[in-house]
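As a plain string of letters, each chain reads:
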Amino acid sequence: GANSPLEIVQQNFSDVKHGEVWIQIKASPINPSDLAMLQGTYPHKKTYPFVPGLEASGLVVASGGGFMANFLLGKRVACSASEYGDGTWAEYMKVKAGNCIPLSKKLSFAQGASAIVNPLTALALIERIKKSGHKSFVNTAAAGALGKMIIKLAKQENLIPINIVRRAAQVAELQNLEAEIVLDSSLPDFEKQLQNEYSKQDPRIILDAIGGAFPNQLLTLAPSESTLVTYASLSQEMLLLHPAPIIRFGKKVEGFHLAHYISKQSKLKMIKTVRRAQKLIADGTLASHVHQSFALSEINKAIGNYTTEMSKGKWVLVF
């Protein structure tokens with residue numbers, strides 16, 4: 001069920017089909033999307049029982065044949081779980097070769113474990129901002145792993161994020177990262193501060209990871225023709241948006257999901273993007289800070305602690 005502890009079980013190896021590989025998993029992070037998957041609130045639902053875990057790094061130890069699968073045999077890879085099969089929180093995972101990316105020698109397994117979901121999402125969202133033709137944008141959940149990556153990428157691209165956090169401690173933390181604009185949404189004058197930044201910076205894109213009623217405040221005050229890009233729902237609540245700004249001022253709502261985005265890009269573009277992501281992980285721009293490593297036997301404790309210490313860095317399952 002959604003809230004019961006996870007059980008550790010033994011499973012037999014099954015045959016790899018053409019185009020598939022078995023990966024010996026070395027490291028796998030806990031992401032907010034993993035929690036959503038466990039709670040049944042993720043956009044793609046799996047039927048219980050399943051092995052959780054959406055991304056990992058590891059070693060390809062068996063190939064079912066085919067060019068890509070054979071090419072990967074014996075190589076270190078970053079990988080993502082398939083939508084239907086079992087996930088990465090296991091000693092071994094079977095997956096299509098297309099779900100694997102050869103891992104640069106510069107990256108450790110711990111770094112490689114978080115090489116897909118956040119870095120590729122950050123690059124895609126920054127690309128969306130550049131398309132808007134405006135330099136400024138709103139970055140919610142800015143103290144999270146992805147929020148921080150967006151801040152660092154924006155700096156490189158000369159873009160100006162209006163960063164939004166929930167606590168005073170997070171404001172200080174982001175100012176140490178050289179974030180120019182950081183607003184604390186728990187303060188009574190938050191709306192006034194936001195209005196002020198909107199008129200100074202004139203953003204057109206609001207990146208929303210929160211969901212619920214909060215984005216309505218952001219979109220209502222935003223300039224005409226602004227777009228709310230909803231890419232996560234940390235509140236796990238329905239988006240509540242007043243129709244007036246959408247009807248009257250040409251404001252829009254669109255979604256972003258990494259798997260959908262990747263399916264729309266050419267193979268060549270994805271190869272280039274992945275190479276760029278790995279360079280940026282190696283130079284620290286898109287690196288994930290590993291706060292805590294843990295073993296499979298500690299998974300339930302780790303999930304409990306992760307939810308309270310999310311913004312301190314990644315919790316990584318290591319084998």
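Remember, predicted model here, so these are calculated numbers, not experimental data. (Residues numbered from 1 in each chain as written. Predicted model: local features only at pLDDT ≥ 70, side-chain atom pairs only at ≥ 80, totals over all residues. Heavy atoms only, no water.)

Peer 1: I'm lost on helix α4 (residues 117-132) in this one. Help?
Peer 2: The α-helix advances 3.6 residues per turn, and as a result positions three or four apart in sequence lie on the same side. In this model, α4 (16 residues) spans 23 Å end to end at C-alpha, consistent with the 22 Å of a helix rising 1.5 Å per residue. Downstream of α4 by a residue or two, G133 has a phi angle that is positive, lying close to 80°. (Helix = DSSP H or I, 4+ residues; strand = E, 2+ residues; numbered from the N terminus. Expected span 1.5 Å × (residues − 1).)

Peer 1: How do you make sense of the packing of aromatic side chains when you look at a structure like this?
Peer 2: How two aromatic rings sit relative to each other is set out by the distance from centre to centre and by the angle between their planes. If you walk through the whole model with that rule in mind, you get seven aromatic pairs. Consider the rings of F67 and F71, whose centres lie 6.4 Å apart with planes at 15°: the pair is stacked. In this pair, F67 and F71 are both assigned in helix α2 (residues 67-72), four residues apart and thus about one turn of the helix distant. Feature note: the residues F13, W22 and Y92 constitute an aromatic cluster, connected by ring pairs. Here the guanidinium or amino end of K75 rests over the ring plane of F71, the centre of that ring lying 4.3 Å away. Looking at R76, its charged tip hangs above the ring of F109, at a distance of 4.6 Å from the centre. (Phe/Tyr/Trp six-rings, centres within 6.5 Å; stacked < 30°, edge-to-face > 60°. Lys NZ or Arg CZ within 6 Å of the ring centre and 35° of its normal.)

Peer 1: Would you explain a nonpolar patch on the surface in this entry?
Peer 2: A grouping of F13, V61 and Y92 is seen on the molecular surface, where their side chains present a nonpolar patch of about 290 Å² in accessible area. Along the chain, Y92 turns up in strand β4 (residues 92-96). Here Y92 falls in the partly exposed class, since its relative accessible area comes to 33%. (Patch = residues over 30% accessible without salt bridge, like charges linked within 9 Å, V, L, I, M, F, W, Y side chains within 5 Å. Areas by Shrake-Rupley, 256 points an atom, 1.4 Å probe, with all protein chains shown as cover. Salt bridge = Lys/Arg side-chain N within 4 Å of Asp/Glu carboxyl O. Buried < 20%, exposed > 50% of the residue type's maximum accessible area, 1.4 Å probe, protein only.)

Peer 1: Quick question: what am I supposed to make of the sheet that holds strand β10 (residues 227-230) here?
Peer 2: Each strand in a sheet pairs with another by means of backbone hydrogen bonds, the pair being arranged parallel or else antiparallel. Within the open sheet, the six strands sit side by side as β8-β7-β6-β9-β10-β11. Their pairing is parallel. The sheet is open, and its two borders are formed by β8 (181-184) and β11 (252-255), each paired with just one other strand. Neighbour-to-neighbour, the strand axes of this sheet turn through a mean angle of 20°, independent of strand direction. With three bridges connecting them, strand β6 (residues 136-139) and strand β9 (residues 205-208) associate as parallel partners. Along β9, the bridge assignment pairs V138 with I206. Most of the contacts of helix α5 (residues 145-156) go to β6, to which it runs at about 165°, and overall it touches β6, β7 (160-165) and β9. (Pairing = 2+ DSSP bridges. Axes fitted to C-alpha atoms, helices over the stretch in contact; angles between N-to-C directions. Contact = heavy atoms within 4.5 Å.)

Peer 1: Honestly, the environment of L280 in this entry has me stumped. Any pointers?
Peer 2: Considering the arrangement of structural elements, one finds L280 in helix α11 (residues 267-282). In this view, L280 contacts L123, L153, Q156, T285, L286 and A287; residues no more than four positions away in its chain are not counted.

Peer 1: Looking at this structure, I do not really get the packing of helix α7 (residues 190-201) against helix α8 (residues 214-221). What am I missing?
Peer 2: The angle between the axes and the distance between the axes are what describe a pair of packed helices. Where α7 meets α8, the axes come as close as 10 Å, and the angle between the chain directions of the two elements is 40°. With respect to α8, the axis of α7 lies oblique. By crossing handedness, the relation of α7 to α8 is classed as right-handed. Mapping the contact onto sequence places F190, E191, L194, Q195 and Y198 in α7 and F214, Q217, L218 and L221 in α8. (Parallel < 35°, antiparallel > 145°, perpendicular 65-115°, else oblique. Left-handed = near helix turned anticlockwise from the far one by under 90°.)

Peer 1: I'm lost on the pairing of strand β3 (residues 76-80) in this one. Help?
Peer 2: Regular strands place side chains that alternate from one sheet face to the opposite one. Across the five residues that make up β3, a large majority, four, are buried. Inspection of the sheet shows strand β2 (residues 55-63) paired to β3 by five bridges, in the antiparallel sense. Pairing of E55 across the sheet is with S80, part of β3. In this structure, β3 lies alongside strand β5 (residues 100-102), joined through three bridges in antiparallel fashion. Bridging across to β5, A78 finds its partner in I101.

Function cannot be read off these values alone, since they describe shape.
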